[in-house]
Amino acid sequence: MAEQIDQLEFLWQGKDKNGKVSKGVFPAKSEIIAKAELRRQGYRVTKIKLKPKPLFKKSAKAITPGDIAVFSRQLATMLKAGVPLVQSFDIVGKGHDNPSMQELLLNVKTDIEGGDTLAEALNKRPVYFDELFCNLVEAGEHAGVLETLLDKIATYKEKTESMKKKIKKALTYPIAVVVVAFIVTAILLIFVVPVFSDLFKSFGADLPAFTKMVVAMSEWMQEYWWIVIGIVVAVVYTFGYFKKRSRPFNHFLDRTLLKMPVVGLIMNKSAIARFSRTLSTMSAAGVPLVDALESVAGACGNIIYSEAVMKMREEVATGQRLQFAMAQAQLFPHMVQQMIAIGEESGSIDAMLAKVADFYEEEVDNLVDNLSSLMEPIIMVILGILVGGLIVAMYLPIFKMGSAI
């Protein structure tokens, strides 16, 4: 691998044995080695020079789950078209816009060329390829249906990422608007209200109670604005710290989200959709149910559901039917339990789970749209109270003086 890193690239031109002009890029440690290797391949080199490095390199970006989903689809398409695995990695890797993704895929390709199976190469990179991904790839390699399972992985990743984006959009929009509203309010209190306050002092008139309250808030903000910023930064940092490191905090947060109105419905249904989609994909790949449930637990996206799935796994491992294990978890609707029961009886549990996943993904889509529609009037009310309240407080004394005249 070190040799490939040290290699340079040379632009060359020459003629083959039939006198036909050829040219291209050849990797080698030196110009002499490049010429000798091209001569061995039957080319008479007429021109060769070191390939100039680009003035501006593409900036490396983080590898996202979306990048992995696109890679899965591209690799599945290549293999279905009959392109060999190593060549598929070469084509997909060099054609990717993200330099970090290019490096990742070409490193995987190097491992495969070194004798690793695809599953072994992916297992070395658990940050990007989770246990579910690697297990499905390994099952596909053993059964000789790698392209089929990669297609299933691609579909699974695409649907999962689509649902995540919709949920994030539904939650991010109202939070962003409220944050902007509070920033605007802070600006008004610090810069605009003092101007009106000086004007009112020049009148010498007694101010309404509401205006006095706003002026007092403005004076406090001007003097202690750094405390507000400090509190906000501390809250955000503390939240992020415990979110990454504290399981009890995540347990409390996930349980709270599940109980919230509207948002709780979205979280519940999205967890069921992920559970169904993941288990369907693994069942179709022929992964044993007990092994599949362990991977499914990590894909639910909610600790409450993850813990419930792990308990279900323990019960299934002792010979309990999946339907009864789900009933004892008390998280899955009766309809889901009945679909699982039908699947177990008919031996088509993967197809039934796929139908459940389709149904709940559509439910999540509808709920997200409804949440967006519901949040718009609520946001308008918040904006009206914050910004409109300040404006009314500033104009009340003017109205009072106008009526006195």
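What you see is a predicted model; the values in this text were computed from it and never measured. (Residues numbered from 1 in each chain as written. Predicted model: local features only at pLDDT ≥ 70, side-chain atom pairs only at ≥ 80, totals over all residues. Heavy atoms only, no water.)

Notes on the overall build of the protein
Alright, step 1. Across its full length, the protein holds 16 helices and three strands.
Alright, step 2. A globule of 405 residues ought to have a C-alpha radius of gyration of about 22 Å, yet the protein, at 31 Å, is considerably larger.
Alright, step 3. Overall, the protein is about 105 × 65 × 35 Å in size when its C-alpha atoms are taken along their principal axes.
Alright, step 4. Intrachain contacts of the protein at a sequence separation of at least 6 include 59% that bridge at least 24 residues.
Alright, step 5. Distance between charge centres in the protein, computed from 46 positive and 42 negative side chains, equals 8 Å. (Helix = DSSP H or I, 4+ residues; strand = E, 2+ residues; numbered from the N terminus. Rg over C-alpha atoms; globule rule 2.2 N^0.38 Å. Contact = heavy atoms within 4.5 Å. Lys, Arg positive; Asp, Glu negative; His and termini not counted. Charge placed at Lys NZ, Arg CZ, Asp CG, Glu CD.)

Considerations on the confidence of the model for the protein
One rule of thumb: low pLDDT means the predicted coordinates there are not for detailed reading.
Alright, step 1. In this model, the protein carries an average pLDDT of 81, and 94% of its residues clear a pLDDT of 70 or more.
Alright, step 2. Mean pLDDT across the elements of the protein bottoms out in helix α1 (residues 2–6) (42) and peaks in helix α13 (residues 303–317) (89).
Alright, step 3. The low-confidence segment residues 1–5, where pLDDT is below 50, has four contacts with residues more than four positions distant or belonging to other chains. (pLDDT = per-residue confidence, 0-100.)

Some points on helix α14 (residues 322–329)
An α-helical turn contains 3.6 residues, so any two residues separated by three or four positions project in the same direction.
Alright, step 1. Among the residues making up α14, those that are buried are Leu322, Gln323, Ala325 and Met326. Buried residues of α14 fall within an arc of 165 degrees about the axis and therefore sit on the same side.
Alright, step 2. After α14 finishes, the residue Gln330 shows a positive phi value of roughly 60 degrees. (Buried < 20%, exposed > 50% of the residue type's maximum accessible area, 1.4 Å probe, protein only. Arc of directions from axis to C-beta.)

Structural notes on the environment of Phe324
Alright, step 1. In this fold, Phe324 is placed in helix α14.
Alright, step 2. Residue Phe324 is classed as partly exposed on the basis of its relative accessible area of 40%.
Alright, step 3. Considering only alpha carbons, one finds Phe324 and Gly14, 310 residues apart in sequence, at a separation of 72 Å.

Describing a nonpolar patch on the surface
Alright, step 1. On the surface, a cluster of nonpolar side chains totalling about 550 Å² of accessible area is made up of Ile175, Val179, Ile183, Ile187, Phe191 and Val192.
Alright, step 2. Tracing the backbone shows Ile183 in helix α8 (residues 146–203). (Patch = residues over 30% accessible without salt bridge, like charges linked within 9 Å, V, L, I, M, F, W, Y side chains within 5 Å. Areas by Shrake-Rupley, 256 points an atom, 1.4 Å probe, with all protein chains shown as cover. Salt bridge = Lys/Arg side-chain N within 4 Å of Asp/Glu carboxyl O.)

Things to note about the packing of helix α3 (residues 65–80) against helix α4 (residues 85–94)
Alright, step 1. Contact geometry for α3 and α4: axes closest at 10 Å, N-to-C directions at 135 degrees. Judged on the interaxial angle alone, α4 and α3 are oblique. By crossing handedness, the relation of α3 to α4 is classed as right-handed. Of the residues in α4, those touching α3 at Phe71, Gln74, Leu75, Met78 and Leu79 are Leu85, Ser88, Phe89, Ile91 and Val92.
Alright, step 2. When the residues that make up the contact of α3 with α4 are grouped by side-chain class, the tally is eight nonpolar, two polar and no charged. (Axes fitted to C-alpha atoms, helices over the stretch in contact; angles between N-to-C directions. Parallel < 35°, antiparallel > 145°, perpendicular 65-115°, else oblique. Left-handed = near helix turned anticlockwise from the far one by under 90°. Nonpolar A, V, L, I, M, F, W, Y, C, P; charged D, E, K, R; others polar.)

What about the packing of aromatic side chains?
Alright, step 1. Counted according to the given criterion, the structure contains 13 aromatic pairs.
Alright, step 2. Centre to centre, the rings of Phe71 and Phe129 are 5.9 Å apart; their planes meet at 65 degrees, and the pair counts as edge-to-face. Here Phe71, found in helix α3, pairs with Phe129, found in the loop between α6 (118–123) and α7 (131–143); they are 58 residues apart in sequence, far enough to count as distant. Assigned by exposure class, Phe71 and Phe129 land together as buried.
Alright, step 3. With a centroid separation of 4.8 Å and an interplanar angle of 50 degrees, the aromatic rings of Phe275 and Phe332 are classed as tilted. Taken together, the residues span a long stretch of sequence, with Phe275 in helix α11 (residues 263–284) and Phe332 in the loop between α14 and α15 (334–346) at a distance of 57 residues. Accessibility assignment for this pair places Phe275 and Phe332 in one class, buried.
Alright, step 4. Among the aromatic residues, those joined into a cluster by ring pairs are Tyr237, Phe239, Tyr241, Phe242 and Phe249. (Phe/Tyr/Trp six-rings, centres within 6.5 Å; stacked < 30°, edge-to-face > 60°.)

Notes on the pairing of strand β1 (residues 8–15)
Alright, step 1. Across eight bridges, the pairing between β1 and strand β2 (residues 21–28) is antiparallel. Residue Glu9 lies in a different strand from β2, and its bridge partner there is Pro27.
Alright, step 2. What sits between the antiparallel neighbours β1 and β2 is a turn of five residues, in which Gly19 has the positive phi angle 85 degrees. (Pairing = 2+ DSSP bridges.)

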